[in-house]
Amino acid sequence: MIASVRGEVLEIALDHTVIEAAGIGYRLNVTPATLSTLTRGEETRLYTAMIVREDSMTLFGFADTEARDLFGLLQTVSGVGPRLAMAVLAVLEPEALRKALAESNVAALTRVPGIGKRGAERMVVELRDKVNLVPVQSGPPGAATPVITPVRDQVVEALTGLGFPIKQAEQAIDSVLAEQPAADTSVGLRAALNLLGKNR
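Quick caveat, the model's predicted, so the values are computed rather than measured. (Residues numbered from 1 in each chain as written. Predicted model: local features only at pLDDT ≥ 70, side-chain atom pairs only at ≥ 80, totals over all residues. Heavy atoms only, no water.)

Engineer: How do you make sense of the sheet that holds strand β5 (residues 56–62) when you look at a structure like this?
Structural biologist: In any sheet, the strands associate via hydrogen bonds between backbone groups, in a parallel or an antiparallel arrangement. Taken together, the five strands give a closed barrel; going around it, the order is β1-β2-β3-β5-β4, and neighbouring strands pair in mixed fashion. On average, each strand axis in the sheet is inclined to that of its neighbour by 55°, with strand direction left out of account. Bridge count for strand β3 (residues 24–29) against β5 is two bridges, and the pairing is parallel. Bridge pairing in β5 places L28 opposite L59. In this fold helix α2 (residues 65–74) packs onto β4 (43–53) and β5, with an angle of close to 10° to the strand it touches most, β4. Sheet contacts for helix α3 (residues 82–91): β3, β4 and β5; angle to β5, the most-contacted strand, approximately 15°. (Pairing = 2+ DSSP bridges. Helix = DSSP H or I, 4+ residues; strand = E, 2+ residues; numbered from the N terminus. Axes fitted to C-alpha atoms, helices over the stretch in contact; angles between N-to-C directions. Contact = heavy atoms within 4.5 Å.)

Now the structure itself:
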């Protein structure tokens with residue numbers, strides 16, 4: 001079982017990336033949010049799940065172990081295979097998926113292509129109690145502790161509206177508020193955009 005791949009990003013496509021590790025190029029199917037964190041020519045590490053079938057061996061790549069564990073959990077639901085599990089994680093990031101399942105939010109789950117009302121209801125019933133058993137990915141050592149304020153929520157909403165992944169938006173405003181706790185929404189948004197611009 002291949003649990004992770006670290007190496008240079010050789011290729012970035014619409015639904016997959018190729019990472020060279022020890023002279024071998026590994027093709028990993030990934031979500032758009034994960035693709036947005038990769039840069040061709042730079043080194044990265046992705047956590048992986050390997051699906052072996054009679055006629056294929058496929059690697060799926062994830063930015064963290066939480067997403068990988070949720071990918072495995074989703075496939076315990078009857079009718080949900082690897083492709084559909086990836087589609088769920090492409091539409092709903094781990095935190096949003098947990099929330100949708102915990103709150104029995106069928107409407108959020110049916111936004112995923114390929115999941116109808118009945119399938120969403122089955123996912124809620126089968127995963128509602130299991131989803132909290134998957135460890136939540138904590139930030140790196142020394143990461144800013146999130147301060148939940150109206151300013152933080154408004155800035156995250158504005159940044160996701162501009163197309164940034166929710167995780168990047170949260171990390172940016174958390175860093176800003178750690179340094180400027182009294183920042184208002186406009187100051188926080190400008191500083192977060194500045195930070196995201198540097199990281200791109």
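After that view of the structure, there is still more to cover.
Engineer: Looking at this structure, I do not really get the pairing of β3. What am I missing?
Structural biologist: Successive side chains on a regular strand alternate, one facing one side of the sheet and the next facing the other. When strand β2 (residues 16–21) meets β3, the two strands line up antiparallel, connected through six bridges. Following the sheet pairing, H16 is matched in β3 by N29. Hairpin remark: β2 followed by β3, antiparallel, with two residues in the connecting loop; positive phi at A22, about 55°.

Engineer: Any chance you could explain the packing of aromatic side chains here in plain terms?
Structural biologist: Aromatic ring pairs are defined here through the distance separating the ring centres and the angle between the ring planes. Under the definition given, this model contains two aromatic pairs. On the numbers, 5.0 Å between centres and 40° between planes, the contact of F60 with F71 is tilted. Here F71 lies in helix α2 and F60 lies in strand β5, a separation of eleven residues in the sequence. Assigned by exposure class, F60 and F71 land together as buried. Residues F62 and F71 carry aromatic rings whose centres are separated by 5.0 Å and whose planes lie at 45° to one another, so their mutual orientation is tilted. (Phe/Tyr/Trp six-rings, centres within 6.5 Å; stacked < 30°, edge-to-face > 60°. Buried < 20%, exposed > 50% of the residue type's maximum accessible area, 1.4 Å probe, protein only.)

Engineer: It is not clear to me how the packing of helix α7 (residues 150–161) against helix α8 (residues 166–179) should be interpreted in this structure. Could you clarify?
Structural biologist: Each pair of packed helices can be described by the angle between their axes along with the distance between the axes. Where α7 meets α8, the axes come as close as 9 Å, and the angle between the chain directions of the two elements is 140°. On the basis of the axis angle, α7 is oblique to α8. Crossing handedness for the pair α7 and α8: right-handed. Counting all contacts with α7, which are made through V151, R152, V155, V156, L159 and T160, the residues of α8 involved are I166, A169, E170, I173, D174 and L177. When its residues are assigned to classes, the contact of α7 with α8 shows eight nonpolar, one polar and three charged. (Parallel < 35°, antiparallel > 145°, perpendicular 65-115°, else oblique. Left-handed = near helix turned anticlockwise from the far one by under 90°. Nonpolar A, V, L, I, M, F, W, Y, C, P; charged D, E, K, R; others polar.)

Engineer: I would appreciate a short explanation of the nonpolar core in the present structure.
Structural biologist: Where a protein is soluble and globular, its nonpolar side chains tend to be buried together. By size, the foremost hydrophobic cluster in this structure holds 30 residues, and its most contacted members are F62, F71, L74, L97, L101, L109 and M123. Elements supplying a minimum of two residues to this core: β4, β5, α2, α3, α4 (94–102), α5 (106–109) and α6 (117–127). Leave out the neighbours within four places in its chain, and M123 touches L74, V77, V88, L101, L109, I115 and R128. Core analysis: the next-biggest nonpolar cluster, separate from the first, contains 13 residues, V151, L159, F164 and L177 among them. (Core = buried A, V, L, I, M, F, W, Y, C linked by side-chain atoms within 4.5 Å.)

Engineer: Any chance you could explain unusual backbone geometry here in plain terms?
Structural biologist: Unlike most non-glycine residues, A22 shows phi in positive territory, near 55°. Within the fold, A22 resides in the loop between β2 and β3. Overall, the relative accessible area of 82% leaves A22 in the exposed class. The backbone phi angle of S104 is positive, close to 50°, even though this residue is not glycine. Among the residues examined, S104 registers a relative accessible area of 33% and is labelled partly exposed.

The quantities given are spatial measurements derived from coordinates; they are silent on function.
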